[in-house]
Amino acid sequence: MSNLQCPVNRSRAPPSRLKPPTKLESPTAAPCASALLQPPRARDENRAPANGASAPAPPTSPANPVTAQVVSEARTRSSQLSSFMQETQRRMEEQERRLQSMIRHQQQQMASGPVAASRNGSSGTVAAELEALHAMITSQKHLIDTLQLEKAQVSNALQAERLSKQMLDNEVTQRKARWEQAEQRLLELERQLAEERARARGPTEEEVARQRALERDCAELEQALAAERHQHQKTMEENEAEVRRARRLAEDEADARLRQATRMLQDGVEEARRSAETAHAQLAQAETRATQLRAQLTEHEAAAARSRQAIEQLEADCQRLQRQTDDLRAALQREQDERGRVESERDAARADATQLRASCTSMQNALAAVQAEKAALESSVGTHQRRVQEHAGEIDELRAQIKRQLRSIAEMEDQAREDERARRELHNLVQELKGNIRVFCRIRPLLDVERATTPENLFQPVARSRGRGLEVYAPTEDGAAGAGKSRPGGGGGGECPAALLPPTHAAVSSNAERPRWAFQFDRVFDAASTQSDVFEEISQLVQSALDGYKVCIFAYGQTGSGKTHTMLGGADDPGMIPRSVQQVFEHAARLAEQGWQFTFHAVFLEIYNEHIRDLLAKDAGTASAAPDGGDSAGNSGTRYVIKTDPQTGTTFVSDLRLVPVRTPADLQRLLASSARHRATASTLMNERSSRSHSVFRLYIRGDNTEQQQHTYGLLNLIDLAGSERLARSHSQGDRLRETQHINRSLSALGDVIAALANRDKHVPFRNSKLTHLLQDSLGGDSKTLMFVNISPSTESFPETLCSLRFAAKVNACEIGTAQRTQRISFREG
Ligand SMILES: Nc1ncnc2c1ncn2[C@@H]1O[C@H](COP(=O)(O)OP(=O)(O)OP(=O)(O)O)[C@@H](O)[C@H]1O
């Protein structure tokens, strides 16, 4: 009860706190406001009296003192007005805060306690009072805003007054300057007059007249000065009157507004106070009523609490009895469960015991066995340990031996590799010194279709020849069909008669009647050799193209013997042309570190029926026959002519498309597009037989600006058309003409090589387009390598023998500095 009564006293704020401050009740009580309402006293006291008789005193301050004073008073009043406004606002805010705190307090009291509901009747009134208070606060705020507006207007009037004062100051300054000039002039005249007087102690008449004239002038000047002074004084008085009037007006206006604002403020405050008092009275009534209601409620609550206590006691008894019943039931259930569990455990334990007994027996048996085994193993381990200890020294020794041997094997392998490299270098050196055209023989593997007719290996590289010797055995009588006819001794093919086979080469077969031939080349690659094996052998030659040599590598052989495979290869097993370009690029990159920059340009052409076609031309299409003896023409009508540069002796074909090659990938693209353009036709010998000579030329220019060196290399990679015997290929019509052209140009190639080897004065380069084009690359200062590709099949045996013989003769040629030992003719037979 006491708790509920206390807030009534606390919430009742002293009535005096709701009253506005006493200072505001009377305008005279507020010193700042009264100061504003009083007229300024110092105004008249500071006003300087105009005295026209005496000499005017110069102004004490640069500005008009009256105007300055007016301005300073106006400033003082303005600041007093703003401080009064601030003070009023502060008080209003304070009052508002107090009222709000009272309202909050009242709201809390109304919300707290169980009597809140019973207050609904009086809360409406209180809310209305609160709203009235809010309205009053709002109106007071509005009043403050109005006062602030008026203050702004007063400051604007003061600003205007300041401007007019500025103008007056300017005028005063000008008049003062004029006044000072007049005074100067007067002083000057007085001085002159004094001088004249001093001089005229005995004045002549003339001087007297002059003096009088001067005195007249002085008098006139003094009169003018007095008039000026009078005028000035009048103006000053007018100005001051004007200023007084303006100030009076401004002050009156400000005073009136201030009085009005103060009145409104006082009214508002008074009204707010009255409203607050009414609200307080109502609030006090409401609280008294609330106190009574609270007392009643407390009594009711005490009675209700007693009843509740009795009910709770009864409920607690009921629950206790219920719990006891539940406990008894649960205990009974547990007993039953426990009994069931114990019975099932007993059954399980009986079963387990039986099982354990059985497993115990078996484990005892197993343990006995394991123990026996362990004893045996222990004895065996002991034996082994003894033996290991016995042989430990021996094992270490063997290990050391193995290590030593491995080391020496590695050293020997290194040495072998080094020897091989030295051998190759020496071999190349010897070859270069000899100036020979080098010849590599490559035997292709048997194709699936050939296996049935070629049961044995007819071509066997000679084991002890360091990969240079080749033995060829004639097929047996019962070999493949036609083998007998192909026997070289039996006068086989028309283009390659058996007479070509020199008796010196007919081997003395120790164990058979079969003829055997032995050949010697710079290198013989058997059917198992890979493209990489072959390229390794020619890589140094290719590299010399970068050093500025003309290098010519061509593949010669019967159709289907593997020339295209060797030179071009496939996408996954590239041949010599792609590998050469790849190596050239790699080596060029290494040389770039030494300051070399290389540029590469390629041409790719084919000679088909003595007719040149640009395989890289944009309009390159299928081959078309050209008139015999005419120059070659492309599809667009371009005529390709083989020319010789008179300065460098280089042979080239006019109007070919020279394509820059910047990466090996560029070359791949060129080869792919040119492959599509190559003239191919189906013959009986090879399904996709190349019927033309294809010539890939890579021009290599190297520049080393630091060393001021330049190199011009040329790499010719040529896939010759396949040679074939007319009788055997059964060619007819166009194919017959193609075969004739091919054989003729190959024969011309043989003639050129022979003439070079014989050092003939005339070398018949121009007998074919092929030899004409290669004129500069087959000459003495170029490096030439010929692949003779051979097919291992029995059917191809006569042609193969012809190819080998041709290659053997080329191999015997010495072009360059070495002396020739015998004349060689490729037209033999
Ligand atoms: N070293 C080799 N390994 C595997 N296959 C080869 C080898 N040499 C040639 N061949 C295969 O033999 C067939 C004929 O080879 P290729 O076309 O290169 O002969 P070619 O001498 O260029 O014929 P042609 O003169 O008619 O153009 C091709 O199927 C080729 O894949």
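No experiment lies behind these values; they were computed from the predicted model shown.

Analysis parameters
- Residues numbered from 1 in each chain as written.
- Predicted model: local features only at pLDDT ≥ 70, side-chain atom pairs only at ≥ 80, totals over all residues.
- Heavy atoms only, no water.
- Buried < 20%, exposed > 50% of the residue type's maximum accessible area, 1.4 Å probe, protein only.
- Helix = DSSP H or I, 4+ residues; strand = E, 2+ residues; numbered from the N terminus.
- Pairing = 2+ DSSP bridges.
- UniProt positions renumbered as here; feature names shortened; annotations may be inferred.
- Contact = heavy atoms within 4.5 Å.
- Core = buried A, V, L, I, M, F, W, Y, C linked by side-chain atoms within 4.5 Å.
- Salt bridge = Lys/Arg side-chain N within 4 Å of Asp/Glu carboxyl O.
- Axes fitted to C-alpha atoms, helices over the stretch in contact; angles between N-to-C directions.
- Parallel < 35°, antiparallel > 145°, perpendicular 65-115°, else oblique.
- Left-handed = near helix turned anticlockwise from the far one by under 90°.
- Nonpolar A, V, L, I, M, F, W, Y, C, P; charged D, E, K, R; others polar.

Draft legend 1. A look at the pairing of strand β3 (residues 469-473). Buried residues dominate β3, accounting for four of its five residues. Sheet analysis places β3 next to strand β4 (residues 516-520), joined by five bridges and oriented antiparallel. By the bridge assignment for β4, L470 is matched with F519.

Draft legend 2. Seen up close, the UniProt feature "binding site: ATP" (unreviewed entry) in the protein. Per the UniProt annotation, the sites labelled "binding site: ATP" (unreviewed entry) are G557, Q558, T559, G560, S561, G562, K563 and T564. A residue is classified by how much of its surface remains accessible, and G557, at 0% relative accessible area, is buried. Excluding anything up to four places from it in sequence, G557 contacts K563, A721, G722, S723, N789 and S803. You can call K563 buried: its relative accessible area is 6%. Sequence-distant contacts of K563, that is, excluding residues within four places in its chain, are made with A555, Y556, G557, Q558, D719, L720, A721, G722 and N789.

Draft legend 3. Region of the structure containing the nonpolar core. Judged by nonpolar contacts, the single largest core of 53 residues is most densely connected at C441, F459, L470, V472, F554, M786 and L804. Not counting the four nearest positions on each side in its chain, L804 is found in contact with C441, F459, L470, V472, F519, F521 and I790.

Draft legend 4. Representation of the pattern of salt bridges within the structure. Applying the stated rule across the entire model yields 28 salt bridges. A salt bridge links E171 to R175; the shortest N-O distance between them is 3.5 Å. Taken together, the residues span about one helical turn, with E171 and R175 both in helix α6 (residues 120-199) at a distance of four residues. With a relative accessible area of 30%, E171 lands in the partly exposed category. You can call R175 buried: its relative accessible area is 15%. Within the structure, one salt-bridge network assembled from shared partners comprises E87, R90 and E94.

Draft legend 5. Just the packing of helix α10 (residues 531-546) against helix α12 (residues 576-592), in detail. Packing of α10 against α12 brings their axes to within 9 Å, and their N-to-C directions diverge by 50°. Considering their axes alone, α10 and α12 lie oblique with respect to each other. As α10 packs across α12, the resulting crossing turns out to be right-handed. Residue-level contacts link Q531, S532, V534, F535, I538, S539, V542, Q543 and L546 of α10 to M576, R579, S580, Q583, V584, H587, A588 and L591 of α12. Tallied by class, the residues present in the contact of α10 with α12 amount to nine nonpolar, seven polar and one charged.

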